[in-house]
Amino acid sequence: QVQLVESGGGLVQPGGSLRLSCAASVISFSLYPMGWYRQAPGKERELVASITSGGRTSYADSVKGRFTISRDNAKNTVYLEMNSLKPDDTADYYCNLGQPGGSRYYPSDYWGQGTQVTVSS
């Protein structure tokens, strides 16, 4: 049974940083692309960043240059390093286990429970 567990959210001041983690209980984690999404109150869930099994990354325009996605296959974990945080980054953040194989990230139905990020002074 696949489980994804996010952690690392919290309250941070504008301009601050947070690092989110997503631990996956899945065999052969290295074969899976991974994605980070966020959903702000009253808004649709949006893709923030993704990383393929080969380590290729992609970012939403709104976070380029501020967020970095990475993975540690030995720990079955994907990270989202968030810097220069803005109030608009306030949302629940979710990780998604991508569909295995291929050279791009495509989402699957496997989601974590989410971790809340609040950027406020």
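Look up: the structure comes first, before these words.
Given the structure is predicted, the values throughout are model-derived calculations rather than measurements.

A. Local environment of the state of the cysteines. Here the structure, examined in full by the defined rule, presents 1 disulfide. For Cys22, the disulfide goes to Cys95, at an S-S distance of 2.0 Å. Measuring the twist about the S-S bond at about 50°, one finds the Cys22-Cys95 disulfide to be right-handed. Placement of Cys22 in strand S3 (residues 18-25) and of Cys95 in strand S9 (residues 91-98) is noted, with a sequence separation of 73 residues between them.

B. Representation of unusual backbone geometry within the structure. Of note in the backbone geometry, Ser28 takes a positive phi value of approximately 60° without being a glycine. Topologically, Ser28 is positioned in the loop between S3 and strand S4 (34-39). Of note in the backbone geometry, Asn76 takes a positive phi value of approximately 55° without being a glycine. Along the chain, the position of Asn76 falls in the loop between strand S7 (67-72) and strand S8 (77-82).

C. Representation of the packing of aromatic side chains in the model. Counted according to the given criterion, the structure contains 2 aromatic pairs. Taking the centre distance of 6.5 Å and the plane angle of 55° together, the rings of Tyr37 and Tyr105 count as tilted. Here Tyr105 lies in the loop between S9 and strand S10 (107-111) and Tyr37 lies in strand S4, a separation of 68 residues in the sequence. Their ring planes at 70° and their centres at 4.8 Å tell us that Tyr37 and Trp111 sit as a pair that is edge-to-face. Placement of Tyr37 in strand S4 and of Trp111 in strand S10 is noted, with a sequence separation of 74 residues between them. Exposure remark for Tyr37: the relative accessible area of 9% places this residue in the buried category. Look at Trp111 and you get partly exposed, because its relative accessible area is 32%. Ring-pair connections join several aromatic residues into one group, and the members of that group are Tyr37, Tyr105 and Trp111. The ring of Tyr94 has Arg45 sitting right over it, with the charged end atom 3.8 Å from the ring centre.

D. Highlighting the sheet that holds S7. If you walk across this open sheet you meet the 4 strands as S1-S3-S8-S7, and the pairing is antiparallel. Bordering the open sheet on either side are strand S1 (3-7) and S7, each of which pairs with just one other strand. Put simply, the sheet's adjacent strands are angled 15° from each other on average, direction ignored. Where S7 meets S8, 6 bridges bridge the pair, whose relative direction is antiparallel. Its bridge partner lying in S8, Asp72 is registered against Thr77.

What counts, and at which threshold
Residues numbered from 1 in each chain as written. Predicted model: local features only at pLDDT ≥ 70, side-chain atom pairs only at ≥ 80, totals over all residues. Heavy atoms only, no water. Disulfide = S-S within 2.5 Å. Helix = DSSP H or I, 4+ residues; strand = E, 2+ residues; numbered from the N terminus. Phe/Tyr/Trp six-rings, centres within 6.5 Å; stacked < 30°, edge-to-face > 60°. Buried < 20%, exposed > 50% of the residue type's maximum accessible area, 1.4 Å probe, protein only. Lys NZ or Arg CZ within 6 Å of the ring centre and 35° of its normal. Pairing = 2+ DSSP bridges. Axes fitted to C-alpha atoms, helices over the stretch in contact; angles between N-to-C directions.

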